[in-house]
Amino acid sequence: MEMNTGAILTAMVLGVMLTGAASWVVSGLYRRRMLALMRRSPPPDPAQPVAATRAPAPARPAVMLDAGANQRASWRYLFAVSALSLLIGVTQSVLALLFIYGSELLSVGRALTLGAVYAWPMALTWGLVRRWSWLRTLGAIGLYLLAMLALTWWRSVSPQPLTTSLGWLGGLVLIPVLVTLVIGASGRIRAVAPYLLPIFMLLAASSVLALQLLVSGVDDPPRWLITLVGTVGAWPAIVLMALAPWLLLAWPAWAIARALARAYRGKRFSDLWYLLAAYWLVVLGASALPSLQGVGLIALTQFIPWLWIPLVAWGLRGWLAPRGVPPTLLVLRVFQQDAGVQALFDRVVERWRHSGNTVLIAGTDLLSRTIDPDDVFTFLNGRLAERFVANEAQVAERLRDFDLDPDPDGRYRVNECYCFDSTWQQALAALVAQADVVLMDLRGFQARNQGCRHELGVLATAPHLQRVVLLFDGNTDRHTALADLAGAPEGRVVWVEAGRLEQKRVAQIVGALLRDQR
């Protein structure tokens, strides 16, 4: 059993490392491919001429712009995922007391106390929901564990030495935190790695199993193995044995990936709940792994609480579902200012997703925030170019394919329009016609940013927009921007100083988008 425990740990570590490495390569190739496609100018298609005029837009239903509703939805969501963490933790503690620590220890008070400790991923969940930095998330985990340390000391009949308690708590969180850091801390890979994790966990497990079989037969090796070692040498034979199962599992792994993308496209789950499920699976696995050595396969009951995730997701669909007609937010920005726009997306757009849809022109600056399973596997299938629009007819077709219905968790998705350099203006016009509210990041804007100046002119003359919120800082050329907005109706444009996106400023921006006049 000890050998099996070590093999499982090896497979887990190997799978995580392979996921990190593969995600780094995939994200880099994805970014490079997107840049190449964006700069391409396809020849005009005579069969699809660009229309000189547009048909009048159909009547638009009245949308709900309510900052209070957004705040309530945000807190309702945070309460739901926090309660889920507690439910998983308490269930895990009951199973641990029954099958691992001994049923004679089971009591309501002990189950609740241990359940609160096991629910420590709640702090990680807060970081995912609120889009905190990893440093802040780690700080929240540390504070939660300190609170649990105090709780266990208070509830313990015979308090353990501080070093023992710290070692126990550290053992609970060490592997899960390291895994989440490897697959999520880097902005380059955090949007890709969680979707590749199941594939490489499967491949790593197959390699470790093959090597275990190789070791078990070392005393009486088959003739083919002797021939292989004699032909290529010992270490190349070991490498070949480790990689051979990949040939058998290549198709099943790819089938899992495609099924994952189809499930996401079919709204079986949301991006955030997928991350919660992935991280909780790692957490429960890290709890079960040490117990395998002591109590055997009964330790696998520690995985049972994971089933609460799909059950709760299904049960809360109605409670988390949004009300009313959702507004559509168009996000525009000065390109090549990746860090600033990523922070804006994390702190403002993620909050907006509780109220309505978000649309934007795709760019590499938000790749780590907007990529989803469908995007990843469309790229790996070599079909990313099919998402780029080459003329106005394709723009309309792409917008018809936008997913504007809420996810099962009540949040709305971000829809992107992939454009060549020769088609982004047509896409902009179509996106503005679909939007109700616009958020434009003009931090660092200068007169030389001709693309932004064109966007400002379009926003000034669009007949239906309810609000255009413009962010500026000390480097913004407001004089040029105001000149480009000269034709805008009075009251449409709201300027917000956003040199720093602290909490108060974020609330001001969200309030401006949702017509909160407080």
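Residues numbered from 1 in each chain as written. Predicted model: local features only at pLDDT ≥ 70, side-chain atom pairs only at ≥ 80, totals over all residues. Heavy atoms only, no water.

## Considerations on the sheet that holds strand β1 (residues 328-333)
This is how the line gets drawn: Strands are treated as partners if at least two bridges between them are detected by DSSP. Here a strand is any run of E in DSSP of at least two residues, a helix any run of H or I of at least four, and the numbering for each starts at the N terminus. Contact definition: two residues touch when any of their heavy atoms are within 4.5 Å. Note on geometry: axes are lines fitted to C-alpha atoms, helical ones only across the stretch in contact, with angles between N-to-C directions running from 0 to 180 degrees.
Taken together, the seven strands give an open sheet; going across it, the order is β3-β4-β2-β1-β5-β6-β7, and neighbouring strands pair in parallel fashion. Two strands bound the open sheet, and with one partner strand each, they are β3 (388-389) and β7 (493-497). As judged from the two bridges shared by β3 and strand β4 (residues 414-419), these two strands associate in the parallel manner. Across the sheet, residue Phe-388 finds its bridge partner in β4, namely Tyr-418. In this fold helix α17 (residues 424-434) packs onto β1, β2 (357-361) and β4, with an angle of close to 165 degrees to the strand it touches most, β2.

## Let's talk about the nonpolar core
The condition is simple: Think of a nonpolar core as a cluster: buried Ala, Val, Leu, Ile, Met, Phe, Trp, Tyr and Cys residues, connected wherever their side-chain atoms sit within 4.5 Å. Relative accessibility under 20% of the residue-type maximum defines a buried residue, over 50% an exposed one, and the middle range a partly exposed one, all with a 1.4 Å probe and only protein chains included.
Grouped together as the largest cluster of nonpolar side chains are 83 residues, with contacts concentrated most on Trp-120 and Leu-196. Per element, the largest residue contribution to this core is 11 residues, and it comes from helix α10 (residues 271-295). Residues in contact with Leu-196, not counting those within four places in the same chain, are Thr-19, Ala-22, Ser-23, Val-26, Val-376, Phe-377 and Leu-380. Core analysis: the second largest hydrophobic core is formed by 34 residues, Ala-430, Leu-459, Ala-462 and Leu-485 among them.

## Some details on the confidence of the model for the protein chain
It should be kept in mind that the predicted coordinates are not to be read in detail where pLDDT is low. Worth spelling out the cut-off: Values of pLDDT, the confidence the predictor places in each residue, fall between 0 and 100.
The predicted model of the protein chain has a mean per-residue pLDDT of 85, with 92% of residues at 70 or higher. Across residues 46-56, confidence stays below pLDDT 50; counting only partners more than four residues off in sequence or on other chains, it has nine contacts.

## Re the side chain of Gln-342
Take Gln-342: it is sitting in helix α13 (residues 338-352). With residues near it in sequence (within four places) discarded, Gln-342 still touches Asp-365, Leu-366, Ser-368 and Arg-369.

## Quick word on the pattern of salt bridges
Using the following cut-off: Salt bridges are defined by distance alone: a side-chain nitrogen of Lys or Arg within 4 Å of a carboxyl oxygen of Asp or Glu.
For the structure shown, the criterion picks out 21 salt bridges. For Asp-441, the salt bridge identified is with Arg-443, shortest N-O distance 2.8 Å. Comparing Asp-441 with Arg-443, the two get one shared label, buried. Salt-bridge contacts for Asp-484 lead to Arg-453; the nearest nitrogen and oxygen are separated by 2.9 Å. Taken as a pair, Asp-484 in helix α19 (residues 478-484) and Arg-453 in helix α18 (residues 450-461) lie far apart in primary sequence, 31 residues in all. On the basis of relative accessibility, which here comes to 19%, the residue Asp-484 falls in the buried class. When salt bridges that share partners are traced, they join Arg-131, Asp-271, Asp-346, Glu-350, Arg-353, Arg-369, Asp-409 and Arg-411 into one network.

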